[in-house]
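# Coordinates in review
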Amino acid sequence: MRLEEHYLTLRDKFSVYSEGSPFHLTITEVADLLDCTERNAKLIMKNFKELGWVTWEVFKGRGKKPLITFLYSKTEMEHLLVKDLIKHGKYTEVIEKLNKYDLHIQEELEHFLEDYFGISVEQEHETNAEIDVLRCPMRQKVMGIDPLTSLTQQEHEITHHLYDSLFTFDYETQTVRPHICFHWDHSKDGTEWFLFLRKGVFFHHGRCLDAHDVKFTIEHLSQMEGYTDWYKTTHIKEITVVNKYVVKIMLYQSNFLLLNELCSKRYSILPREWEEHLLDKNIPIGTGPYKVLEWNEEKVILGAHEQYFQMRPHIDRIELIYVNTNYQTDSLLFSFPDMYHEGAHWKPLKQIPNGASYLTINSRKPGVHTHPAFKKALHRIIWNYKTHTSDDLTLPAHHFLYEQNPLELATSHHLYDGTMIKQLLTEADYQGETIQLFTLYIDQVEKQEPLIDIVHFCKTYGIDLAVQAIPIKDLLKEDQIKKADILLVNVLVEEDIVLSLSRIFSSPLGFIYNTLTDNEQENLLRKLNQIKTIPKRDDQLKAILSIEQQLIDTSKILFIHHNTFQVFYNEKKSMEGINLFQTGGINYSMVWHNRKA
């Protein structure tokens, strides 16, 4: 608890004494009221005195009680508390305490928050230049903004603005487009590649990108925990710096998906001094349209990258503030389905990204959960669950690609008969054993609700699920996966459908490959490697969707939902250029302030 809150606790208890009126108070009484030890109570009173909040006189001699005088009123201390919370970016805490403050404080604080969130024109401290500042709420804490470790939708949205890859991928045409690399050549068999880099691409700390940074980035990925197997699938044998702006990549075997791999944000080009810079300043460095000015898990401040090699963003500074509460205000530019967005001026933006939540069966662990009849029963239960629980933002999934869902299935309300399900469980000789369901740990209550619903739904059909939510780093460990019967996973399919599905099927993060038997793993990798030898895009797509269908037919994947990404934007805020990424998330680099005065 903060010192200000300790003070307010004492001030409320002894409200009969006005400021400047001394009274006796013992350390034992302070410790009891603040629920702490007497040692801590002495330290707190010492801090109060040093800060000038109280006078505190201690007298020598038995029976002589200390004398305290409050120097700050309750309202004045609430002012100090609010200022301290705002200074440290604790906006969720400020909003949660809003109704507890004095009415005058509430009104003042509401005016402050209305001015704080949204778009404003301010003066930059160092140069006094006029800048556009956009402050928006974010719904998830930010644990990392490294392109290799970002996991959540919020973290992916931020990294989109900080880093650039060698290529971009056009979702509509499903083709690779030049970006940092403006031209490339390859041998006829696809084992030798030359990449030609743009000149004048600057990192956020001012140095110009060159071929050594490209070599460092690719080799850095190969050494990162969790990515060594992924790196091996590219079949890279050797990377050579031909000159400052040309890189040569030799492969062990043909891979016509190499450029697609290099489109990924995982291959965002990093400066070769990346690690020492992070250790020194804890500020990640990329080449993207925005650079990090300051960040912690509850606040991320981004500044426009003045030397960006594409179009400089219009908004000069973006501040993303973690707000885990429904703050009712019209001051926000963006809001979310579970936040305040009342009125015709709040316009929805919706994106249904490819990807889905699904269950995957752990074939590496023996048990009733691998029996074909049990898997059929579970498939029918999940079908009934997703049909029963779907709404405008949560749509039933039958494939990873939303567009691939047959219309008759998307609109079907058919439910499987409970008697049939129980017959299948009997056929599997299921005796009510507890099935271990593992999933990623999520600290947001609203994200846990679907999991709770699945457990209850299975229970009604007689399947007992025990849930363990485990952090991603621990869940990737082999000894943890061995304990799981079933895993609940939620993934996004990125713009490059073929490559993204290949990664989901082969990466540990998809929890498909690492839950297959040895023979199944071997067959899957063989089919995925065959795709890399296919030059034509249409044939690649057919091959990857065929693999997906086989996983569906064998009940290896039990699809649940597509999760719609939806935001609301405030038309009163004179903002233009608002659009979403294909995978969800706001593209801030295209937003601009339409102010005519």
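Residues numbered from 1 in each chain as written. Predicted model: local features only at pLDDT ≥ 70, side-chain atom pairs only at ≥ 80, totals over all residues. Heavy atoms only, no water.

Residues spaced three or four apart along an α-helix point in a common direction, a consequence of the helix completing one turn every 3.6 residues. When the terminal C-alpha atoms of helix H20 (residues 537-553) are compared, their 24 Å separation across 17 residues agrees well with the 24 Å that a helix rising 1.5 Å per residue should span. Those residues of H20 lying buried are Arg537, Gln540, Ile544, Ile547, Glu548 and Leu551. Within H20, the buried residues cover an arc of 95 degrees as seen down the axis, which keeps them to one side. Along H20, exposed side chains directed more than 90 degrees from the buried face belong to Asp538, Lys542 and Asp553. Packed against the buried residues of H20 are strand S6 (167-170), helix H10 (258-263), helix H18 (497-506), helix H19 (518-531) and strand S22 (557-559). Taken from the residues just after H20, Ser555 is the one with a positive phi, measuring 60 degrees. (Helix = DSSP H or I, 4+ residues; strand = E, 2+ residues; numbered from the N terminus. Expected span 1.5 Å × (residues − 1). Buried < 20%, exposed > 50% of the residue type's maximum accessible area, 1.4 Å probe, protein only. Arc of directions from axis to C-beta. Contact = heavy atoms within 4.5 Å.)

With that settled, consider the side chain of His204. Relative to the helices and strands, His204 is located in the loop between strand S9 (192-197) and helix H8 (211-223). Here Tyr290 takes part through its backbone oxygen, which lies 3.0 Å from a polar atom of the side chain of His204. (Polar contact = N/O pair within 3.5 Å; in protein donor to acceptor, adjacent residues only side chain to side chain.)

Moving on: the packing of aromatic side chains. This model, assessed by the stated rule, comprises 18 aromatic pairs. Both rings, one in Tyr17 and one in Phe23, keep their centres 4.0 Å apart while their planes meet at 10 degrees; by these two values the pair is stacked. Owing to a relative accessible area of 31%, Tyr17 belongs among the partly exposed residues under this scheme. Cluster of aromatic residues (ring-pair linked, three or more members): Tyr7, Phe14, Tyr17, Phe23, Phe48, Trp53 and Phe70. (Phe/Tyr/Trp six-rings, centres within 6.5 Å; stacked < 30°, edge-to-face > 60°.)

Here the focus is empty space enclosed by the protein. A complete count under the given rule lists 1 cavity of 30 Å³ or more for this structure. Here the largest cavity defines a volume of roughly 90 Å³. Elements that contribute at least two residues to the lining of the largest cavity include exactly H18 and H19. Counting residues per element, the lining of the largest cavity draws most heavily on H18, which supplies 4 residues. A per-class count over the lining of the largest cavity returns 4 nonpolar, 4 polar and 3 charged. (1 Å grid on protein atoms, 1.4 Å probe; cavity = no way out; pocket = protein on both sides within 12 Å on 5 of 7 lines; lining within 4 Å. Points joined across faces, edges and corners; volume = space filled by probe spheres on them. Nonpolar A, V, L, I, M, F, W, Y, C, P; charged D, E, K, R; others polar.)

Inspection of the secondary structure assignment puts Thr439 in strand S19 (residues 434-440). Among the polar contacts listed, one links the side chain of Thr439 to the backbone oxygen of Leu488, at a separation of 3.1 Å.

Quick look at the nonpolar core now. Tyr358, Phe400, Ile504 and Phe505 are the most contacted members of the largest nonpolar core, which has 33 residues in total. For this core, the elements supplying multiple residues, two or more each, are strand S17 (355-361), helix H16 (472-475), strand S21 (486-492), H18, H19, H20 and S22. Ranked by residue count, the leading element in this core is H18, at 5 residues. (Core = buried A, V, L, I, M, F, W, Y, C linked by side-chain atoms within 4.5 Å.)

A positive phi angle, close to 65 degrees, is found at Asn128, a residue other than glycine. Relative to the helices and strands, Asn128 is located in the loop between strand S4 (118-123) and strand S5 (130-138). Positive phi, close to 65 degrees, is recorded for His235, a residue that is not glycine. Relative to the elements of secondary structure, His235 occurs in the loop between helix H9 (228-232) and strand S10 (236-243). Residue classification places His235 among the buried residues on the basis of a relative accessible area of 10%.

What follows is about the confidence of the model for the protein. Summing up the model confidence of the protein, the mean pLDDT is 85 and the portion of residues at 70 or higher is 87%. Per-element confidence in the protein is highest for S9, whose mean pLDDT is 97, and lowest for helix H13 (residues 407-410), whose mean pLDDT is 48. Considering only residues more than four positions removed or in separate chains, one finds that residues 407-411, a stretch of pLDDT under 50, has 4 contacts. (pLDDT = per-residue confidence, 0-100.)

Another point: the sheet that holds strand S14 (residues 317-322). On the basis of which strands lie adjacent, the open sheet formed by 5 strands has the order S4-S5-S14-S13-S12 and mixed pairing. Only two strands of the sheet have a single neighbouring strand rather than two, namely S4 and strand S12 (290-296). The average angle at which neighbouring strand axes cross in this sheet is 20 degrees, direction not considered. Sheet contacts for helix H7 (residues 153-162): S5, S12, strand S13 (299-304) and S14; angle to S12, the most-contacted strand, approximately 140 degrees. (Pairing = 2+ DSSP bridges. Axes fitted to C-alpha atoms, helices over the stretch in contact; angles between N-to-C directions.)

If you walk across this open sheet you meet the 4 strands as S8-S9-S11-S10, and the pairing is antiparallel. Edge positions in the open sheet fall to strand S8 (181-186) and S10, since each of these has one partner strand only. Looking at each pair of strands side by side, their axes are set apart by 20 degrees on average, direction ignored. Here S10 runs beside strand S11 (residues 246-251); their pairing, made up of 6 bridges, is antiparallel. Within S11, the residue paired with Ile239 across the bridge is Ile249. Its contacts with the sheet place H8 against S9, S10 and S11, and it is angled at close to 165 degrees to S10.

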